Amino acid sequence: MLSSSGTLSERFADRYAVVLAQLEPGAPPEAVDSARATVADNPGGAAALLAGMPHPTANDHRSGSAPTVVGADPVQDLVASCPDVTGFVTGRPRLEQTNVPIHPGRQAHLVRVAGHDLVALRWPADTVAARSRHQSRMAPVLSAASRAAPLSIKAHDEYAVVDVPGGDPWVFAPHLGLTLEDRLRSRDLDGAERAALVMSLAALRAAMIDHGVVWQGFAPRNMFLRNDQIVLIDFEETVDARHDPVRAAECLLWHRVFFADCLTAEENARLFTLVDGEPDVPDGHPMPADDFERALLGVTTVTWRQRREQLEASVALEGRHTRPAPDRDGGVLYGHELGHFWGDFVPVELEARLFRHLTAVTDSAQLVACLEAFEAAMEADICRSLRHRASSTHDMSAIRTAALVEVLDAIGTERLAAHRMQTAHWYQRLTTDPVHLVDELLHAAGTAIGGLDRELLDTYLVGSGAARKTHAESLAAATRIGLDFIHRPDHGEPYLRYRPPADLMALLDRPLPSEGADLDTVLAELEAEIARYSVSQSHPRYLAFPDSGNAIAAMAGGLLGRLLNQNLIAVDRSAPAATFVEIQVIEWLRDLVGYEAAPLTSLRGVKDVAGLWATGGHLSNHLAMLVALSRRFPQVRRQGLPGVGIRPTVVMAGPIAHYSHSDAAFHLGLGWDSIVSVGARSGYTTDPAAVEAALTDPPAGTTPFMVVGVAGNCRTTGLDDLATLAAICRRHGVWFHVDACHGGSLIFSERLRQRHLAGIEQADSVSLDPHKGLFTPYPSSYVLFRERGVLTQFSRHETAVLADDCWDLGLITPFLGSRGFESLATWMLLRHVGVRRLGDLVESRQAHVRYLERRIDEAGLFVSLNDVDFYRLAFVLCPPAVRQAIRELAPERRRHAAHVVSRYTSRLNTMLYQSGEACFDEHTLADLADRVGAGTDVSYTIMAACPGNPLITQADLDDAADLLARTAKPLVPAMLAAITGAEPTGGDGRGTVTGPAGWSDAP
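Predicted model only: the values in this text are computed from it and were never measured. (Residues numbered from 1 in each chain as written. Predicted model: local features only at pLDDT ≥ 70, side-chain atom pairs only at ≥ 80, totals over all residues. Heavy atoms only, no water.)

A. A look at the overall build of the protein chain. Across its full length, the protein chain holds 37 helices and 25 strands. Taken over C-alpha atoms, the radius of gyration comes to 43 Å for the protein chain, far larger than the 30 Å a tight globule of 1003 residues would show. Dimensions of the protein chain along its principal axes, counting C-alpha atoms only, are 125 × 60 × 60 Å. When each of the 1003 residues of the protein chain is scored for burial, the buried share is 53%. Residue pairs at least 24 apart in sequence account for 72% of intrachain contacts in the protein chain once pairs closer than 6 positions are excluded. With the model as given, the accessible surface of the protein chain reaches about 43000 Å², and the carbon-plus-sulfur share is 53%. Counting 92 positive and 123 negative side-chain charges, the protein chain places the averaged centre of each group 5 Å from the other. (Helix = DSSP H or I, 4+ residues; strand = E, 2+ residues; numbered from the N terminus. Rg over C-alpha atoms; globule rule 2.2 N^0.38 Å. Buried < 20%, exposed > 50% of the residue type's maximum accessible area, 1.4 Å probe, protein only. Contact = heavy atoms within 4.5 Å. Areas by Shrake-Rupley, 256 points an atom, 1.4 Å probe, with all protein chains shown as cover. Lys, Arg positive; Asp, Glu negative; His and termini not counted. Charge placed at Lys NZ, Arg CZ, Asp CG, Glu CD.)

In C-alpha cells, the structure reads:
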C-alpha cells in the first residue's frame, strides 16, 4: 500500500513502513483497519491513527476574518468553502517526495483542490515580496541562459498566496513532481538527457556570472524538469556580484556543494568550468565567521581562504561515494543527502565536530563506512520524528546522530568504520529497522571505547561468572597481603619500617598512569612500597592508640560492605536491607547508652531515627553541635546566624576538649570566639563549678546553647562527672553533649559503665567511636540523640521526612550524601561477639595499661601526668635528678627546664618510633597537677601509652617497657646538663604539637 502511495518517495515509503510496523502491534483493531484504509493517500494520518490520535480533518467553521487570496481560481474556491485554510492544509499529507525531510522551520503539504494537485507551503510573511523581487531580478538572466541552452529555463510563477490573519501566508503552487536532484540520483535520465541538462545548467551559471546576478538557490533541489524545460523555484536570495563580490563568490562555491553528489565527476567538471568574470577574492580577505565556522575553528573572523577551503572540503565530503556493496542505491552513497540533513537537523556544534572528524579521513573505504553509520543514524532519527509527529509531539531532534558523534569523539573514525563493517545484514536492516540497527552499533561501539572487550572488562571489573575464579584469587591475594601485614609479629617484624617523608615521597612519586598495570604487579607494589611502610596499629608494640581494628567480624563487615556496595542515602534502589541494619545498630547503641530503645518494627520512619553514622568523632561532634544550635535557635534553619541576633556560645573545658568542637564552631559559622573555654581539674576532667559560673554569668551579648562533657578525653582519657554536668545543663536549659568517642567502649561493661559513665543517659547527645576502642576498622563513628525526631529538621522535604514508612536516611543526614555500608562492620561485630564478650574485652584491656603504668613507674625515669582512668597513660622523661634540679631552679628558669623536658621526651619518642620497635603517642599536655614541678600553667610534649589490642601479652608489655627504659637512660646526663648548666635559650615550655591529640584548644 505504501509503494502505491503517490505522496511518498521510495525512501519515505521505507521509513513509514518502519514506523507503521512499530505502531501497529499496540493499536486496537479498529485503528489498524482505519489506518489500512488511509495509508495509501495519507501515510502520516495512518500513523496518527495507530498512535491513538484522531484522524485529521478540515475545519469548516466560518468564524473570524476571512483570508485574502491573490492568485488561482481553485484556491479562491477553496478559501470560499473552507476559511480555515491552515486547518485544511495541515490535515493533508505532508510533502515527502524527497529523500531528506523539509527543513523543520518550513511546512509543505500536498493538497488536491478541484482536481488539481497542489503543493501548499508556508512562507514567512516578510519574505513574500523579497522573493518576488529576487525572481524579477533573475528574469534577464534566465532569458539569456535559455537562448544559449539546449533546454529552456524559467522561474516558476504559478502561485496563489493566501494571507492568513495573524499568521504567515500559505502559498499554493502546482505539484511539479520529483526534483531535479532526485531525478539525477535515480538514474532515470539517459546520457543525452543528462548532457542537455548539464549544458543548460552551465549556461545558466555563465549567464549569472555575465549579468553579475548570482542566485543563491542554484541547487538541484530547487529545480524541476518538465516537458524539456527546467523550472526553478525558491528565490530567497540573489546577490549583486558587483556590489558584494565576496558573497557572490561564496554562493558560487555553495553551488558546487549542492550538486556534489548528483552529478558524475565529468558532469561536475563541465558544469563548474571556470567562467570569465567570476569574482576573485584575495585569500587574506577577512569576514565575520558564521556559526559553523565559530564552532569549527573557535574564531569570530575568518579569511576567504579559510571559508573557501572549508567549502571545498564540504564538496569532497558531500560528493558521490562508492559503497562496499551494490545493495543500496546501486552501490552509490550520496553525501549531500547526509550533509543536507546535518545542516537542517543537527546542532551546529555537533555538526562541526562531525565535519572535523570526517574531513580528516584519507582512506576512502573508511570514510564510506563512517558515512554509512551516520546514514543509519539519519534514517533512525527521521523514523523517530515521524513517530513523534504521529503522536503530535513534533520532536525533530537528531538524537542518534548526536549520540554517534559522541561515540566518534571517543573512538575515532577507524574504530567506527570497523564496527560498521562488522555488523551483519547492514543494508537489509537499514531499510527495515534502522532504529535497532544504529542502536546496536552505538552500543557496540560505545562499549568498545579504546578497544574494550569482554576480556578487558573481566580484567578490571567483578561480576562476570567466567572471571569469578580469577577475581576470587585476586581478592584472596589482597587479603593475604593484609593478613601478612597484621601478622608481622609472627615473624618478629616491627610495627613500622620507618622511612622519612622525603624518602616515601620519592618512592611513591609516579606520573599519572596513562596505561594500567597487571593487578598482580599492582598488588606486589602495594605490598613492597605501601604495606611495608605502613603502621600496624594492631601490633603488640603499637601502644599509641587503641585503634587496633582487628575484630574479625568487623573486618569482614568492612570488606562485605564494599562488596555489597549499598548506598545509605535511600532505601529504594540504594539500600533496602542496609538501611535497617544501620538503624538497628543505632537502636542497639541507644540501648547501651541508656536511652529509650525500640524494636525496628515499632519505628514509624526516619522521623523516629535518633542517631547517625559518621566518618569519625570529628563529624559526630559537628552533627551534635548542629542539632543543638538548631534546637535552641530554630530560626537558623531559614535565616541563618544573622537571624539569631546574639552570639550563640559553647562551653567546654579547653585544656581537655577535642579540637573537633572548636572546628565545628568555625565550620558552622559560629566562629572560634564562640567557644567559652573553662578550666579543667587536676585529674583532666571538666570543672563543674567553672561550667556553672560560665552559664550563670555569660559574656555580654552571648547565649550559651551547649555544654560539652568528655567521657574519656583524647589526652589522658579522663572521665567527667557526667551526672553533675547534666544537672547543671538542665537548670540552665542548655544542650548537654557527651563526647564519648574514647570512653564509649565502657558502655559494654555494666561495671565500668556504672563506675565511669553514670549520667551519660541524661545527655542530649552522645558521640561514640567503635573504631577507637571497639576493634573496628576505620571509619566507624555514631552520634546518638536522646529525643527522637530531632533529625527531621535537616530536611527541606518536610512532608516526606515526617511521613510514615519514609526510610531514606539521606533526608536526615547533614554533610553526607551518598555513603557506603560502613555500619555493617559494627553490626557484624555486635552479632558475632555480643555485648557480654565485648565488655570482657574492654575490661581485660584495663589490665594492660595498669601493668604498663606500673612498669614505667618502676623504671624510675618518668613522671606520669595523670592517674589512668581506663586506658591512657601520659608521661614525660623526667628522672628524679631532673625533677630535683627543676625544683631547685629559680622560677624564671623553670620554663626553660620544662622546654628541655619536652625536647628530650620527644627525642626519646622519636628514636623509638623510627626504630619500629615501640610506638607511643606524642602530644602536648598541661601539667595541671604540677607533677613535674615547673608550674600548673606549663605544657609539655608528652608520651602517651594506650595499649588497645587485647592480644597483647605481658611479655610484649615487658619488652616495650624495657626498650623504653634502655633507650631513655643514655639521654639523662645530657638532659640534666641542659637543665643545670645551660643558660635559658628560649622556649615557653609548651613543647611541640605532633598529632591530633595535641591539637589543643588550651591557651
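Having seen the model, we can carry on.
B. Region of interest: unusual backbone geometry. Cis peptide bonds are those with omega within 30 degrees of zero, and the linkage from tyrosine 778 to proline 779 qualifies with -10 degrees. Position of proline 779 relative to the elements: it lies in the loop between α31 (770-773) and β21 (781-785).

C. Local environment of helix α23 (residues 552-564). Compared with an ideal rise of 1.5 Å per residue, which puts 13 residues at 18 Å, α23 spans 18 Å between its outermost C-alpha atoms and is within 8% of the ideal. Listed as buried for α23 are Ala553, Ala554, Gly557, Gly558 and Gly561. The arc that holds every buried residue of α23, seen down its axis, measures 145 degrees, which confines them to one face. Seen from the open side of α23, the exposed residues pointing more than 90 degrees away from its buried face are Ile552 and Arg562. On its buried face, α23 sits against α33 (823-859). Positive phi appears at asparagine 565, one or two residues downstream of α23, with a value of about 55 degrees. (Expected span 1.5 Å × (residues − 1). Arc of directions from axis to C-beta.)

D. The arrangement of the pattern of salt bridges in detail. Following the criterion strictly, the structure yields 69 salt bridges and no others. Across the salt bridge formed by arginine 247 and glutamate 237, the nearest N and O atoms sit 2.8 Å from each other. In this pair, arginine 247 is assigned in helix α9 (residues 245-258) and glutamate 237 in the loop between β9 (229-232) and β10 (238-240), connecting sequence segments 10 residues apart. The shortest N-O distance in the salt bridge between arginine 305 and glutamate 309 comes to 2.8 Å. Of this pair, arginine 305 and glutamate 309 are both found in helix α12 (residues 304-317), four residues apart, which corresponds to roughly one turn of the helix. The exposure class assigned to arginine 305 is partly exposed, which follows from its relative accessible area of 45%. Classification of glutamate 309 as partly exposed rests on a relative accessible area of 37%. (Salt bridge = Lys/Arg side-chain N within 4 Å of Asp/Glu carboxyl O.)

E. View of empty space enclosed by the protein. Enumeration over the complete set of coordinates arrives at four cavities of 30 Å³ or more. Taken as a whole, the largest cavity spans an internal volume of roughly 60 Å³. Along the wall of the largest cavity there are 13 residues; nearest its centre are Gly744, Ser745, Leu768, Pro770 and Leu774. Per-class residue counts for the lining of the largest cavity are eight nonpolar, four polar and one charged. (1 Å grid on protein atoms, 1.4 Å probe; cavity = no way out; pocket = protein on both sides within 12 Å on 5 of 7 lines; lining within 4 Å. Points joined across faces, edges and corners; volume = space filled by probe spheres on them. Nonpolar A, V, L, I, M, F, W, Y, C, P; charged D, E, K, R; others polar.)

F. Region of interest: the sheet that holds strand β17 (residues 675-678). With respect to topology, seven strands assemble into an open sheet ordered β15-β21-β20-β19-β18-β16-β17, the strand pairing being mixed. Of all strands in the sheet, those bounded by a partner on one side alone are β15 (611-614) and β17. Direction aside, the axes of adjacent strands within the sheet are offset by 20 degrees on average. The pairing of β15 with β21 spans four bridges and is classified as antiparallel. Residue pairing in the sheet places alanine 614 in a bridge with serine 781 of β21. (Pairing = 2+ DSSP bridges. Axes fitted to C-alpha atoms, helices over the stretch in contact; angles between N-to-C directions.)

G. How the structure looks around the packing of aromatic side chains. Scanning the entire structure with this criterion turns up 19 aromatic pairs. Judged by centre distance (6.5 Å) and plane angle (40 degrees), the ring pair of tyrosine 542 and phenylalanine 545 falls under tilted. When the ring of phenylalanine 633 is compared with that of phenylalanine 705, the centres are 6.3 Å apart and the planes differ by 70 degrees; the resulting orientation is edge-to-face. Of this pair, phenylalanine 633 sits in the loop between α25 (617-632) and α26 (636-639) while phenylalanine 705 sits in strand β18 (residues 702-710), placing them 72 residues apart in sequence. Judged on exposure class, the residue phenylalanine 633 and its partner phenylalanine 705 are both buried. Here the aromatic cluster, defined as three or more aromatic residues joined through ring pairs, consists of Tyr495, Tyr498, Tyr542, Phe545 and Tyr913. Positioned above the aromatic ring of phenylalanine 258, the side-chain terminus of arginine 221 is 5.0 Å from the ring centre. Over the aromatic face of tyrosine 427 sits the side chain of arginine 420, whose NZ or CZ is 5.5 Å from the ring centroid. (Phe/Tyr/Trp six-rings, centres within 6.5 Å; stacked < 30°, edge-to-face > 60°. Lys NZ or Arg CZ within 6 Å of the ring centre and 35° of its normal.)

H. Representation of the sheet that holds strand β22 (residues 862-864). Strand order across the open sheet formed by four strands is β22-β23-β25-β24, with antiparallel pairing between neighbours. Taken across any chain shown, the strands that pair with only one partner, and hence form the sheet edges, are β22 and β24 (921-926). The mean inter-strand angle of the sheet, taken between neighbouring strand axes irrespective of direction, is 45 degrees. Across three bridges, the pairing between strand β23 (residues 873-877) and strand β25 (residues 939-945) is antiparallel. Bridged to phenylalanine 875 within β25 is methionine 943. Each of β22, β23 and β25 is contacted by α33, which is oriented at about 15 degrees to β23, the strand it contacts most.

I. A look at a nonpolar patch on the surface. Among the surface-exposed residues, Leu475, Leu559, Leu560, Leu563 and Leu564 lie close enough to one another that they form a single nonpolar patch of about 430 Å² accessible area. Considering each element in turn, the nonpolar patch owes the most residues, four residues, to α23. When you line up the elements, leucine 475 lands in helix α20 (residues 468-486). With a relative accessible area of 41%, leucine 475 lands in the partly exposed category. (Patch = residues over 30% accessible without salt bridge, like charges linked within 9 Å, V, L, I, M, F, W, Y side chains within 5 Å.)

J. Region of the structure containing the side chain of arginine 400. Note on placement: arginine 400 falls in helix α16 (residues 399-422). Taking the relative accessible area as the measure of exposure, arginine 400 reaches 14% and is therefore buried.

K. Inspection of helix α8 (residues 191-211) at higher detail. With 21 residues, α8 should cover 30 Å at 1.5 Å per step; its first-to-last C-alpha distance of 30 Å lies within 8% of that length. Within α8 the residues assigned to the buried category are Arg194, Ala196, Leu197, Val198, Ser200, Leu201, Ala203, Leu204, Arg205, Ala207, Met208 and Ile209. For α8, the N-terminal capping position is held by aspartate 190, with its side-chain oxygen 3.2 Å away from the main-chain nitrogen of alanine 192. Phi turns positive, to about 70 degrees, at glycine 212, one or two residues after α8. (Polar contact = N/O pair within 3.5 Å; in protein donor to acceptor, adjacent residues only side chain to side chain.)

L. Region of the structure containing the environment of glycine 446. Summarising the element assignment, glycine 446 is placed in helix α18 (residues 434-446). Counting along the chain gives 42 residues from glycine 446 to leucine 404, while the straight-line C-alpha distance between them is 8.7 Å. When near neighbours in sequence (up to four residues on either side) are disregarded, glycine 446 contacts Val407 and Leu441.

M. Structural view of the side chain of arginine 488. For arginine 488, the position within the fold is in the loop between α20 and α21 (501-508). Notably, arginine 488 is buried but unbridged: the nearest opposite-charge side chain belongs to glutamate 493, and the N-O separation is 4.4 Å. Only 2.6 Å separates the side chain of arginine 488 from the backbone oxygen of alanine 531, close enough to count as a polar contact. Excluding residues within four positions of it along the chain, arginine 488 makes contact with Glu493, Pro494, Tyr495, Leu496, Arg497, Ala531, Arg532, Tyr533, Ser534, Ser536 and His539.

N. Up close: the confidence of the model for the protein chain. Summarising the model, the protein chain shows a mean pLDDT of 92, and 95% of its residues fall at 70 or more. Every residue in residues 58-64 scores below 50 in pLDDT, and together they form 13 contacts with partners more than four places removed in sequence or on other chains. Ignoring residues within four places in sequence, the model shows residues 983-991, a span with pLDDT below 50, making 27 contacts including any to other chains. (pLDDT = per-residue confidence, 0-100.)

O. Molecular detail of the packing of α33 against helix α36 (residues 954-968). In the contact formed by α33 and α36, the axes pass within 10 Å of each other and the chain directions differ by 30 degrees. Considering their axes alone, α33 and α36 lie roughly parallel with respect to each other. Seen along the crossing, α33 lies across α36 with a hand that is right-handed. Across the interface between the two elements, His848, Tyr851, Leu852, Arg855, Ile856 and Ala859 from α33 touch Gln954, Leu957, Asp958, Ala961, Asp962, Leu964 and Ala965 from α36. Here the contact of α33 with α36 is built from residues that sort into eight nonpolar, two polar and three charged. (Parallel < 35°, antiparallel > 145°, perpendicular 65-115°, else oblique. Left-handed = near helix turned anticlockwise from the far one by under 90°.)

P. Representation of the pairing of strand β3 (residues 116-122). Sheet topology note: the strand β2 (residues 108-113)/β3 ladder contains six bridges and is antiparallel. Across the sheet, histidine 109 pairs through a bridge with alanine 120, a residue of β3. The loop that links β2 with its antiparallel partner β3 comprises two residues; one of these, alanine 114, has a positive phi angle of about 50 degrees. Judged from the five bridges that link them, β3 and strand β6 (residues 170-174) form a sheet pairing that is antiparallel. By the bridge assignment, arginine 122 is partnered in β6 with tryptophan 170.

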